[in-house]
Amino acid sequence: MFVLGLCAFQFGDRNGLNGMPFAEVRPLVSDPAKARTLAKQGNTDLLVGQVEPGQTVRIRGEITDANCYLGSRVHAYDHAFCAKLCAAAGSPLVFIIDRDGEVYLVLSEKNGVRLPDNILDLIGVPGIMVEGKLLEASGIRAVAIQGLAP
Amino acid sequence: MKLKTQDSIAIVLCSLLLICTAANLFAQDAHFHNAPSSSSQAKNPYAGQHRAVAAGAKLYTMNCGSCHGNNGIGSGNVPALRKGPAQTAPDGEVFWFITTGSVNNGMPSWAQLSEQERWQIVTYVKSLKNSPDSQAVQSSSANVKPARTNAPPPKPPFTDFRFEEPGKSRKITVQDLPTPYATETASNGPNVVARPRNAWPVAPAGFTVQQYATGLDNPRLIRTAPNGDVFLAESSSGKIRVFRGITADGEANQADVFASGLEEPYGIAFYPPGDNPEWIYIGDTDAVVRFPYKNGDLKASGPAQHIADLPHSTGHWTRDVRFTLDGKKMFVAVGSASNVDDPDTTPEEKDRADILEFNPDGSGMRIYASGIRNAGGGLEIQPKTGELWCSVNERDGLGDNLVPDYITHVEEGGFYGWPWWYMGAHQDPRHEGKHPELKDKVIVPDVLLQPHNASLEMTFYQGTQFPAEYRGDIFASQHGSWNRSVRAGYEVIRVPLHQTSRASGDYEDFLTGFVIDNGRVWGRPVGITVAQDGSLLVTDDGSNSIWRVSYAGNGASNEASHNTNRSSK
């Protein structure tokens, strides 16, 4: 009994963080130190700040929201406001590569860290050049964007 | 979420405009918009707090300013929030109205904002009360000093707003084009502000500029009827307005709403061609409709008749409409759904980026010319030759100086490149290797304009008021760039035909002065027509005005006109 209790103590979600409502989690993105403290106290995993692996590449294309692009093929500047609204509502972002039209899921370079505003401001702008790392898992391709190419 | 949803949001936001009108209606009531008496007892927890004012200002700008105007100054014919009932009512009643809204007054409920945010907006609005007029409007209509733009001068023949000058001649050729991505793509959309007191459109010496009409709602294409009445598409509000006559001050004598309830009207054409039309055709984004019309009508005498469906899903929405001189065919320009998506793999691009031809009854649709990214902003028939011409917005994302917009005559069956090619045998790098068979079939347009200018309506000058050398020339409105690091366009240009029916590729700046600096503009030319007296009328959906440019001879100056016009207000 003592051993089982110790395991639960060490590996369990001590403070019920995994059941925390999303609306309460969302503000913690702006306060990663607090999130780390909570995770430590709650004995839960937290990969915030972990950098995605891979080699940095440069790709040119356009960022838009997945809802509109995959559902209606709508994108580009006339759609930028809509795309930003959808992204703000939680739609994943995708990157359409100029060269071949291939579509990649957009990730931030570091877990739990928002994409920088200067990237988000360019949603819907064709022909932007970004630096990032290409990832692939289970048939899904993604680019973890580090920033605009200098 | 589709564009139409955006439109709906915009409509809802703009309905906020009605709060002020409604505020006047209820000015005599005991409570602001019939707010319950209990609401007046609610105490503003942030009253007078500077931080709340600052937070409220941001919220106001995001949610309210587009309709109520910067700093609560109102917009168009909407009265200001910084005075009137919104200021005299208790904070709690204003809070109640923001929360509750009023369907009848077009004011949506803003209950989705947090209570704190609604109070912050109230606090901000109340803070405007003691602002003297000059302070309240300082950011929008005072004399404004342009912010310095540190970008180096453009390399000719390319230019930008800093070097636009009435009378300045320009010519861009395919040999001048840079390689794709020579410069980075830019997101430099205009921040449209109220016209500063010291700002006025600038025309060449000898021409005067007057404000023909203002307080309009998104004035777009404008076209003169055979009897001289001037018809205007107010696209956002779905209206066709009509103006008659010109006063000594250059203003319209009479104005009316010819038709309303349209979807997004833009193109206007009178049919049959000649002095006695029987119909007005409207390019209404997803359809062509027509209203019965005879000379002198200020109101449509019957409902809209559906003529033809047009391809439409998203993207470019303007649909100009013209008839051949013999009236046997109707042209409708339908722009692309996207920037450069491949029609081979994108069903939404079917029958788009084309100029379509119909019989006047809407039957017999066929593609007249293709590969034209968006000519929806301006079609015109050359009055002597009967040739179709168009004004075209080219593509984005290849850098500051690609791809030039253009004005050209249109060849039947002609292919103009989009999306695989541009300006002759230049392949778009986004479609590398595609359609090599088209390489040598891409027509190079007649007049290459500054890339990203957003060239819209064009007209052939058939008046007699301007000097003889202007006779037959093209004038075209340039709405202005967003995809350029230093903005260009925001002007009216003249394309001289040199007394021929052909353009030689050169054009010149004609009406400028709409840009304050690289961040702010106050005017955006859209439509252009020749009035019955030979003056030019230019619509501007930045200041929601129509400008009149007339020729007064060598002794006149633009500044004199400006002063005359201001003193007459």
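Keep in mind that what you see is a predicted model, and the values were worked out from it rather than measured. (Residues numbered from 1 in each chain as written. Chains lettered and ligands numbered in written order. Predicted model: local features only at pLDDT ≥ 70, side-chain atom pairs only at ≥ 80, totals over all residues. Heavy atoms only, no water.)

## Quick notes on the overall build of chain B
(1) Moving on: In terms of helices and strands, chain B carries ten helices and 29 strands.
(2) Moving on: Expressed as a percentage of its 569 residues, the buried residues of chain B come to 59%.
(3) Moving on: Long-range pairs, those at least 24 residues apart, make up 63% of the contacts in chain B between residues at least 6 apart in sequence. (Helix = DSSP H or I, 4+ residues; strand = E, 2+ residues; numbered from the N terminus. Buried < 20%, exposed > 50% of the residue type's maximum accessible area, 1.4 Å probe, protein only. Contact = heavy atoms within 4.5 Å.)

## Overview of the overall build of chain A
(1) Moving on: Within chain A one finds six helices and five strands.
(2) Moving on: Starting at the N terminus and ending at the C terminus, chain A contains elements arranged as α-α-α-β-α-α-β-β-α-β-β.
(3) Moving on: Against the compact-globule benchmark of 15 Å for 150 residues, chain A has a radius of gyration of 19 Å, which places it well outside the compact range.
(4) Moving on: In terms of overall dimensions, chain A has a C-alpha envelope of 60 × 30 × 30 Å along the principal axes.
(5) Moving on: Burial statistics for chain A: of 150 residues in total, 38% are counted as buried.
(6) Moving on: Restricting to contacts in chain A with at least 6 residues of sequence separation, those with at least 24 account for 67%.
(7) Moving on: Computed over 14 positive and 16 negative side-chain charges, the separation of the two mean positions in chain A equals 5 Å. (Rg over C-alpha atoms; globule rule 2.2 N^0.38 Å. Lys, Arg positive; Asp, Glu negative; His and termini not counted. Charge placed at Lys NZ, Arg CZ, Asp CG, Glu CD.)

## Some words on the interface of chain A and chain B
(1) Moving on: The interface is formed by 23 residues belonging to chain A together with 26 residues belonging to chain B.
(2) Moving on: Summing the contributions of chain A and of chain B, the shared interface buries around 2000 Å²; its carbon and sulfur component is 57%.
(3) Moving on: Between E184 of chain B and R60 of chain A there is a salt bridge; the shortest N-O distance is 3.4 Å.
(4) Moving on: Counting across the chain A and chain B interface gives four residue pairs in polar contact (both at pLDDT 80 or more). (Buried area = accessible area lost by both parts, 1.4 Å probe. Salt bridge = Lys/Arg side-chain N within 4 Å of Asp/Glu carboxyl O. Polar contact = N/O pair within 3.5 Å; in protein donor to acceptor, adjacent residues only side chain to side chain.)

## With respect to the packing of aromatic side chains
Residue and element names in this part refer to chain B.
(1) Moving on: Evaluation of the coordinates by the stated rule reveals 34 aromatic pairs over all chains.
(2) Moving on: Aromatic side chains Y470 and F510 sit 6.2 Å apart centroid to centroid with 70° between the ring planes, which places their arrangement in the edge-to-face category. Of this pair, Y470 sits in the loop between β22 (455-460) and β23 (474-478) while F510 sits in strand β25 (residues 506-511), placing them 40 residues apart in sequence.
(3) Moving on: Here F510 falls in the buried class, since its relative accessible area comes to 0%. (Phe/Tyr/Trp six-rings, centres within 6.5 Å; stacked < 30°, edge-to-face > 60°.)

## Points about the environment of P196 of chain B
(1) Moving on: Within the fold, P196 of chain B resides in the loop between β2 (191-192) and β3 (207-213).
(2) Moving on: Distance from P196 of chain B to Q532 of chain B, taken between C-alpha atoms, is 30 Å for residues 336 residues apart in sequence.

## Points about the sheet that holds strand β1 (residues 56-65) of chain A
Residues and elements named next belong to chain A.
(1) Moving on: Taken in spatial order, the five strands line up as β1-β2-β3-β5-β4 and close into a barrel, and their pairing is mixed. Neighbour-to-neighbour, the strand axes of the sheet open up by a mean angle of 55°, direction not taken into account.
(2) Moving on: Judged from the eight bridges that link them, strand β4 (residues 128-137) and strand β5 (residues 140-148) form a sheet pairing that is antiparallel. Each residue of the ladder has a partner; that of G132, found in β5, is I145. (Pairing = 2+ DSSP bridges. Axes fitted to C-alpha atoms, helices over the stretch in contact; angles between N-to-C directions.)

## Details of the environment of S91 of chain A
All names here are of chain A.
(1) Moving on: Secondary-structure assignment places S91 in the loop between α5 (80-88) and β2 (93-97).
(2) Moving on: The spatial distance from the C-alpha of S91 to the C-alpha of P116 is 17 Å, given a sequence separation of 25 residues.
(3) Moving on: Polar side-chain contacts of S91 include one of 2.8 Å to the side chain of N67.

## Considering the pairing of strand β16 (residues 378-381) of chain B
Remark: a regular strand shows side chains that alternate across the two faces of the sheet.
All names here are of chain B.
(1) Moving on: Here β16 shows no split at all, with G378 and E380 on one side and L379 and I381 on the other all buried.
(2) Moving on: Where β16 and strand β17 (residues 388-392) come together, four bridges link them in antiparallel fashion. What sits directly across from I381, in β17, is L388.
(3) Moving on: The antiparallel pairing of β16 with β17 creates a hairpin that spans six residues between the two strands, and G386 there sits at a positive phi of about 80°.

## Describing the nonpolar core
All names here are of chain B.
(1) Moving on: F466, F475, F510, L511, L536 and V549 are the most contacted members of the largest nonpolar core, which has 28 residues in total.
(2) Moving on: When residues of this core are traced back to their parent elements, those giving at least two are β3, β25, β27 (525-530), β28 (536-540) and β29 (545-551).
(3) Moving on: Not counting chain neighbours up to four residues away, the residues in contact with V549 comprise A203, F207, T208, V209, Q465, F466, F510, L511, S535 and L536.
(4) Moving on: Judged by nonpolar contacts, the second largest core, of 25 residues, contains I172, L177, L398 and M423. (Core = buried A, V, L, I, M, F, W, Y, C linked by side-chain atoms within 4.5 Å.)

## Observations concerning the sheet that holds strand β6 (residues 239-246) of chain B
Residues and elements named next belong to chain B.
(1) Moving on: The strand order across the open sheet built from four strands is β4-β5-β6-β7, with neighbouring strands paired in antiparallel fashion. Across the chains shown, the open sheet's two edge strands, defined by having one partner strand only, are β4 (219-224) and β7 (252-259). The average angle at which neighbouring strand axes cross in this sheet is 25°, direction not considered.
(2) Moving on: Sheet topology places strand β5 (residues 230-234) next to β6; five bridges connect them, and they run antiparallel. Paired with L232 across the bridge in β6 is R241.

## Digging into the pattern of salt bridges
(1) Moving on: For the structure on display, the rule yields 29 salt bridges over all chains.
(2) Moving on: Residue D100 of chain A is joined to R99 of chain A by a salt bridge in which the shortest nitrogen-to-oxygen separation is 3.6 Å.
(3) Moving on: Close ionic contact of D428 of chain B with R430 of chain B constitutes a salt bridge, the shortest N to O distance being 2.8 Å. The burial state of D428 of chain B is the same as that of R430 of chain B; both residues are buried.
(4) Moving on: In the salt-bridge network here, residues are joined through shared partners; they are K329, E357, R366 and E412 of chain B.

## Topic: the state of the cysteines
Residue and element names in this part refer to chain A.
(1) Moving on: A complete count under the given rule lists zero disulfides over all chains for this structure.
(2) Moving on: Take C68: it sits in no disulfide, and the sulfur closest to it among the cysteines is that of C86, at 3.8 Å.
(3) Moving on: Take C68: its relative accessible area is 1%, and that puts it in the buried class. (Disulfide = S-S within 2.5 Å.)

## Description of the confidence of the model for chain B
Residues and elements named next belong to chain B.
(1) Moving on: Summary statistics for chain B give a mean pLDDT of 87 and a share of 84% for residues scoring 70 or more.
(2) Moving on: Ignoring residues within four places in sequence, the model shows residues 132-140, a span with pLDDT below 50, making 17 contacts including any to other chains.
(3) Moving on: Taken together, the stretch residues 559-569 has pLDDT below 50 and engages in 15 contacts with residues farther than four places along the chain or on a different chain.
(4) Moving on: In the predicted complex, the global pTM is 0.77; the interface-specific ipTM is 0.81. (pLDDT = per-residue confidence, 0-100.)

## Remarks on helix α3 (residues 32-42) of chain A
Because each turn of an α-helix spans 3.6 residues, side chains separated by three or four positions in sequence point in the same direction.
Residue and element names in this part refer to chain A.
(1) Moving on: Taken residue by residue, α3 has A35, A39 and G42 as its buried positions. One side of α3 holds all its buried residues, which, seen down the axis, span an arc of 70°.
(2) Moving on: Looking one or two places after α3, you find N43, whose phi comes out positive at around 65°. (Arc of directions from axis to C-beta.)

## Points about helix α6 (residues 91-100) of chain B
(1) Moving on: Within α6 of chain B, seven of the ten residues are buried, which leaves it mostly tucked inside the rest of the structure.
(2) Moving on: Remark: G101 of chain B follows α6 of chain B within two positions and exhibits a positive phi of approximately 70°.

## Quick notes on the environment of A186 of chain B
(1) Moving on: Among the secondary structure elements, A186 of chain B is positioned in the loop between β1 (169-171) and β2.
(2) Moving on: When the C-alpha positions of A186 of chain B and A248 of chain B are compared, they lie 44 Å apart, and in sequence the two are 62 residues distant.
(3) Moving on: Residues in contact with A186 of chain B, not counting those within four places in the same chain, are V125 of chain A together with D400, W482, N483, R484 and S485 of chain B.

## Details of the pairing of strand β3 (residues 103-108) of chain A
Residues and elements named next belong to chain A.
(1) Moving on: Pairing analysis gives three bridges linking β2 to β3, with the strands arranged antiparallel. Pairing of V94 across the sheet is with L105, part of β3.
(2) Moving on: Pairing of β3 with β5 involves four bridges; the strand directions are parallel. Paired with L107 across the strands is A144, a residue of β5.

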